[in-house]
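Remarks on the overall topology
In case you want the letters, here they are:
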Amino acid sequence: MPSSHVVVVGAGVLGAALADRLARSGHDVALVEQIAPGHVRSGSGDESRLIRAGHGTDLLHTRMSRRALELWRELDPGLVAQAGVAWLAHREDGWERDTERTLRAEGVPCERVDAATLFPSVRTDGLAFTLLEPEAGILHARRAVQALAARAVAAGARLVRAVARPDGERAVLDDGTTLEADHVVWACGAWLPALFGDVVNLRITQQDVFYFGAPGPWATPGVPGWVDYDAAVYGLGDLDGRGVKVAPDVEGPPFDADRGERRVAPEHERLARTYLAHRFPALAGAPLVGARVCQYELTADSRFIAAAHPAHGGRVWLLGGGSGHAFKHGPALAERLEAWMTGAEEPEPCFGLGPRHPDVTLRTAGQDPPNLKEPKGV
Ligand SMILES: Cc1cc2nc3c(=O)[nH]c(=O)nc-3n(C[C@H](O)[C@H](O)[C@H](O)COP(=O)(O)OP(=O)(O)OC[C@H]3O[C@@H](n4cnc5c(N)ncnc54)[C@H](O)[C@@H]3O)c2cc1C
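Just so it is clear, the structure is predicted and the values come from calculations on it, not from any experiment.

**Describing the packing of aromatic side chains**
The final tally for this structure, using the stated rule, is 10 aromatic pairs. Look at Trp186 and Phe196: their rings are 5.6 Å apart centre to centre, the planes differ by 65°, and that puts the pair in the edge-to-face class. Of this pair, Trp186 sits in strand S13 (residues 183–186) while Phe196 is found in helix H5 (residues 192–196), placing the two residues 10 residues apart along the sequence. Assessed through its relative accessible area of 0%, Trp186 is described here as buried.

What follows is the structure, encoded as structure tokens:
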């Protein structure tokens, strides 16, 4: 598209990446954020996020993740801790086997390894094999969002602190200012349903993350990120002294991102401790040194939303539905979205509005996550 005026509302990873992309392509960009890029209540506002190419048989996300890894490194290599990600497979013929085949076909390095070589202590009973993606790792999430917003500003974008609401093809700020633009993109994370409930169908759920104190050998890098897809739990070692991260990936209860108290659910903590004690016995009884309440914005099929609003002739776009796995893709999705908005490429149908049907989940939990009493297979 020739240089145009674009308003991006929301400076989480998706909005900040898009503002950065468009500003560096020469567009006149205003990035409107109600609090601050990567703030604590945003879905992007945590210290760490896994980046892995493995997505079962899904080529689109496998490739997008690989492209994103390049783009994150271009932004700042220090944002990526290349610690590797280990897939703990319960079955020979499950998600991890599909992942392995896809990665090999795509030329993405991966190997079956002995899990005992990856962790200071690990119990492998119940595991069929462990698949390591050595080029995967962990993003320093909040810093990464701030870096995207800063590079957008350096490229000429204006960062505006305000609450915006849609008014047809315009964005109206809480001080009454109306922003007119060729395109307005609403990248509002968990706030999207309140603004566009007529066309967006998202479930917002409480997701708790736990950090446990552990000795030096548990440092990441060193210890890789890991995903136990069939048990719906993932984590990493101690990154920057934050503690060993363990996160149940079962769907939590409905959550209000504005008014919800950020207190973890006791059953989530119990689940994290049970898993830790089982899989990493040396950390049974490790002290809880931190916890964080976040939220997912779940679509029915765990595919994102990146689509033009049906009512505004391609001038209003909706971006979100991260479904617990969007962070890593931020810069690559922005690159694609620029092409869709300019008409250079047809939008990806799987990110469209309209009905979705439950499908294999692309986040770190299998299709049939266990209930909260016991992680499956533990
Ligand atoms: C616990 C947890 C673990 C995760 N782990 C991973 C992982 O390992 N790897 C991975 O790739 N992904 C992961 N994800 C998913 C990923 O973090 C999210 O999908 C992603 O951060 C969502 O980004 P976003 O930009 O859509 O939303 P957000 O980060 O929530 O940003 C939306 C922004 O819009 C702003 N906003 C909203 N409404 C308005 C308004 N009216 N006016 C102005 N501003 C507004 C908000 O303040 C906010 O800053 C995880 C998510 C959670 C919760």
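**Description of the nonpolar core**
Ranked by size, the top nonpolar core spans 45 residues in total, and within it Leu18, Trp72, Leu319, Phe327, Leu333, Leu337 and Met341 carry the most contacts. Only strand S1 (5–9), helix H1 (13–24), strand S2 (28–33), helix H2 (59–75), helix H4 (141–154), strand S21 (316–320) and helix H7 (330–342) provide two or more residues apiece to this core. With 28 residues, the next largest nonpolar core counts Leu118, Leu127, Trp218 and Phe280 among its residues.

**Description of the pairing of strand S16 (residues 225–228)**
Burial of the side chains of S16 extends over both faces: Gly225 and Val227 are buried on one face and Trp226 and Asp228 on the other. In this structure, strand S5 (residues 85–89) lies alongside S16, joined through three bridges in parallel fashion. Note on S16: the bridge partner recorded for Trp87 is Val227. Alignment of S16 against strand S17 (residues 233–239), held across three bridges, turns out to be antiparallel. Within the sheet, the bridge partner assigned to Trp226 lies in S17 and is Gly235. Here S16 folds back onto S17, and the loop between the two strands holds four residues, one of which, Ala232, carries a positive phi near 60°.

Definitions and limits used
- Residues numbered from 1 in each chain as written.
- Predicted model: local features only at pLDDT ≥ 70, side-chain atom pairs only at ≥ 80, totals over all residues.
- Heavy atoms only, no water.
- Phe/Tyr/Trp six-rings, centres within 6.5 Å; stacked < 30°, edge-to-face > 60°.
- Helix = DSSP H or I, 4+ residues; strand = E, 2+ residues; numbered from the N terminus.
- Buried < 20%, exposed > 50% of the residue type's maximum accessible area, 1.4 Å probe, protein only.
- Core = buried A, V, L, I, M, F, W, Y, C linked by side-chain atoms within 4.5 Å.
- Pairing = 2+ DSSP bridges.

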